[in-house]
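Listed below, chain by chain, are the residues.
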Amino acid sequence: MSTLLLDALNQKADEFISLRRDIHRHPELAFDEHRTSALVADKLQSWGYAVERGLGGTGLVGRLVRGDGSRRLGLRADMDALPIHEATGLPHASCHEGVMHACGHDGHTAMLLAAAQHLAEHGDFSGTLNLIFQPAEEGGGGALRMMDDGLFEKYPCDAVFAMHNMPGIAQGRLVLREGAAMASSDYATVTLTGVGGHGAMPHRATDPVVAAASIVMALQTVVSRNIDPLQMAVVTVGALHAGKANNVIPQSATLELSVRALDREVRTRLEQRIKALITAQAESFGVAAQIDWRPGYAVLVNTPDETAFAREVALELVGDERVTLQGPAVTGSEDFAFMLERVPGSYLFIGNGDGDSAGACMVHNPGYDFNDANLPIGAAYWALLAQRFLV
Ligand SMILES: [Zn+2]
Ligand SMILES: [Zn+2]
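Quick notes on the rules
Residues numbered from 1 in each chain as written. Chains lettered and ligands numbered in written order. Predicted model: local features only at pLDDT ≥ 70, side-chain atom pairs only at ≥ 80, totals over all residues. Heavy atoms only, no water. Helix = DSSP H or I, 4+ residues; strand = E, 2+ residues; numbered from the N terminus. Rg over C-alpha atoms; globule rule 2.2 N^0.38 Å. Buried < 20%, exposed > 50% of the residue type's maximum accessible area, 1.4 Å probe, protein only. Contact = heavy atoms within 4.5 Å. Areas by Shrake-Rupley, 256 points an atom, 1.4 Å probe, with all protein chains shown as cover. Phe/Tyr/Trp six-rings, centres within 6.5 Å; stacked < 30°, edge-to-face > 60°. Lys NZ or Arg CZ within 6 Å of the ring centre and 35° of its normal. Pairing = 2+ DSSP bridges. Axes fitted to C-alpha atoms, helices over the stretch in contact; angles between N-to-C directions. Donors = N, O, S within 2.8 Å, 3.2 Å for Na, K, Ca; no water. Right-handed = clockwise from strand over helix to strand, strands pointing away. Tetrahedral: all angles 85-135°; square planar, octahedral: opposite > 155°, others 65-115°. Polar contact = N/O pair within 3.5 Å; in protein donor to acceptor, adjacent residues only side chain to side chain. Salt bridge = Lys/Arg side-chain N within 4 Å of Asp/Glu carboxyl O.

**Q** Sorry, what's going on with the overall build of the protein here?
**A** For the protein, the helix and strand inventory stands at 11 helices and 16 strands. Taking 391 residues into account, the globule formula puts the C-alpha radius of gyration at 21 Å, and the protein, at 24 Å, falls close to it. By principal-axis analysis of the C-alpha atoms, the protein measures approximately 80 × 45 × 40 Å. Expressed as a percentage of the 391 residues in the protein, the buried residues total 54%. Counting only contacts in the protein whose residues sit at least 6 apart along the sequence, the fraction spanning at least 24 positions is 82%. By element, 51% of the accessible surface of the protein is carried by carbon and sulfur atoms, the whole surface being about 16000 Å².

Written out as structure tokens, the structure is:
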């Protein structure tokens, strides 16, 4: 175990717990992280990083070059909060009504800042360290926006890494995974248009409600009949809206779909089958179907060499009793997937707490809070990874 490094970061814990709680008190929604990004930029500059702001709106990069090493490393943290009304009752609870750091991005930002300070002061490395603070991870695709603004052209990286906390896993446990680790996430709005009429005379109307009901049931066969049973896929109809009165056949019905996969081919197959099924079903009922398909986040794939490297760093830091080398894949999504489509790298989870502990409260719950006990461990992981990579 790398106790010296952990000790060094434990000594800074109070400073970075205060910082984390300050960010928690002032949460900002996607692409609105002005205060947070200003705070991050100020800190990085004060420690000697060259900072560029305005990548992907409120995103920024801090760069530190040391020695003559040619390797270039990217470490990413996310900064945005969620539209949730906080119910923790904690002294550092959000002071912004209806906005809350309910996914722990305040902790991710603070962990990377703690590592940034340590590396600037004591970092024994040779090469280029790029610290990437991205906006809008929660559905806004902030990673993609930073890449559109030239992130990897301006700051080339040989590998990129990111970390997310995970409730339900013992505090401080590091969970890695090679291969597909998080799902793609696509969305569709389906509008069915029939002919409205009197509920007493259905033969004089074309009922989109019956078509919608049939489509919802038919969609259940996509996963069960069209996808390899050994593959993961999700098709959820999360909203179905039609009609207002018992004696009126409405003119239209709309469905909202969430579609997820852990494999790029499965993702493509889902889209093909869902579109074909809806089109054929609608035709059979005589209604028109319009499908607005919106691709969301890609499948997050951790590359083998970089994951093997990240595992070695985790083992060196906390020992094999606190590392899961190959954790399960999860059906949630993460826009770091877009960075991994361009640059090899690996994404890991750090346990936020399990059992009856406060840290076990799930992310996106109004009672959630990032576990501050993870700040030194997460920061030490980043510091060690940077020093082992940049040699
Ligand atoms: Zn989240
Ligand atoms: Zn998150």
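There's plenty left to go through after this.
**Q** What's the story with the packing of aromatic side chains in this structure? I'm lost.
**A** Two measures describe an aromatic ring pair: the distance that separates the ring centres and the angle between the ring planes. Following the criterion strictly, the structure yields 8 aromatic pairs and no others. Geometrically, the ring pair formed by Phe161 and Phe389 is edge-to-face, given 6.4 Å between the ring centres and 75° between the ring planes. Of this pair, Phe161 sits in strand β5 (residues 159-167) while Phe389 is found in helix α11 (residues 374-389), placing the two residues 228 residues apart along the sequence. Neither residue differs from the other here; Phe161 and Phe389 are each classed as buried. Its guanidinium or amino end placed over the ring of Phe389, Arg71 lies 3.9 Å from that ring's centre, counting from NZ or CZ. The ring of Phe31 has Arg145 lying over it, and the distance from NZ or CZ to the ring centre is 4.3 Å.

**Q** Help me out: how do you make sense of the sheet that holds strand β13 (residues 288-294) in this one?
**A** Hydrogen bonds between backbone groups are what pair the strands of a sheet, and the pairing can be parallel or antiparallel. An order of β10-β12-β8-β13 is seen for the 4 strands of this open sheet, with the pairing classed as antiparallel. The sheet terminates laterally at β10 (233-242) and β13, the two strands that pair on one side only. For this sheet, the mean inter-axis angle between neighbouring strands, taken without regard to orientation, is 20°. As paired elements, β10 and strand β12 (residues 252-261) share 9 bridges and run antiparallel to each other. When the sheet's bridge partners are listed, His241 is paired in β12 with Thr254.

**Q** So what exactly am I meant to see when it comes to the coordination of the zinc ion (ligand 2) here?
**A** When four donors bind a metal tetrahedrally, each ideal donor-metal-donor angle is 109.5 degrees, and when six bind octahedrally, the ideal angles are 90 or 180 degrees. The zinc ion (ligand 2) binds to the protein through Cys103 (SG), His105 (NE2) and His164 (NE2); the donor distances cover 2.1 to 2.3 Å. We note that the donor set of the zinc ion (ligand 2) lies within a single chain, spaced as C-x1-H-x58-H. Between the two metal centres, the zinc ion (ligand 2) and the zinc ion (ligand 1), the spacing is 3.1 Å, with Cys103 acting as a shared donor. Residues Cys103 and His105 agree in their burial class; the two are buried.

**Q** Teacher, can you tell me more about unusual backbone geometry here?
**A** Trans peptide bonds make up the majority, and among non-glycine residues the majority have a negative phi. Non-glycine residue Phe31 carries a positive phi angle of around 65°. Considering the arrangement of structural elements, one finds Phe31 in the loop between α2 (13-25) and α3 (34-46).

**Q** I keep staring at the pairing of strand β3 (residues 72-78) and nothing clicks. Help me out?
**A** Successive residues of a regular strand alternate their side chains across the two faces of the sheet. Counting buried positions along β3 gives 6 out of 7 residues, so the element sits mostly inside the fold. Where β3 meets strand β4 (residues 127-134), 7 bridges bridge the pair, whose relative direction is parallel. Paired with Ala77 across the bridge in β4 is Phe133. Once you follow β3 into helix α4 (residues 105-122) and on to β4, the crossover reads as right-handed. Looking at chain direction, β3 and β5 are connected through 4 bridges and run parallel. Within β5, the position partnered with Gly74 by the bridge is Val160.

**Q** What is the right way to read the environment of Met182 from this model?
**A** Residue placement: Met182 occurs in strand β7 (residues 179-182). With a relative accessible area of 6%, Met182 lands in the buried category. The spacing of Met182 and His364 is 182 residues in sequence and 17 Å in space, taken between C-alpha atoms. Excluding residues within four positions of it along the chain, Met182 makes contact with Leu262, Val299, Leu300, Val330, Gly332, Ser333, Glu334, Tyr347 and Phe349.

**Q** Could you clarify how one ought to interpret the coordination of the zinc ion (ligand 1) in this entry?
**A** At 2.0 to 2.7 Å from the zinc ion (ligand 1) lie its protein donor atoms, namely Cys103 (SG), Glu138 (OE), Glu138 (OE) and His364 (NE2). One can describe the site at the zinc ion (ligand 1) as irregular: its 4 donor atoms subtend angles covering 52 to 149° at the metal. Within one chain, the residues donating to the zinc ion (ligand 1) are spaced in sequence as C-x34-E-x225-H. Since its relative accessible area comes to 39%, His364 is described here as partly exposed.

**Q** Even after reading the chapter, I still don't get the environment of His108, so can you show me in this structure?
**A** Its place among the elements puts His108 in helix α4. Beyond its immediate stretch of four places on either side in the chain, His108 contacts Ala77, Asp78, Cys103, Met163, His164, Asn165 and Phe370. A distance of 2.8 Å separates polar atoms of two side chains, one belonging to His108 and the other to Asp78.

**Q** Would you explain the pattern of salt bridges in this entry?
**A** Close approach of charged atoms allows side chains of opposite charge to pair. Applying the stated criterion to the full structure yields 16 salt bridges. Of the charged contacts, one joins Arg76 and Asp78 as a salt bridge, the two residues approaching to 3.4 Å between their closest N and O atoms. Accessibility expressed as a relative area gives 0% for Asp78, which makes it buried. With a closest N to O distance of 2.4 Å, Arg388 and Glu316 form a salt bridge. Placement of the pair is Arg388 in helix α11 and Glu316 in helix α9 (residues 304-318), with a sequence separation of 72 residues. You can call Glu316 partly exposed: its relative accessible area is 28%.

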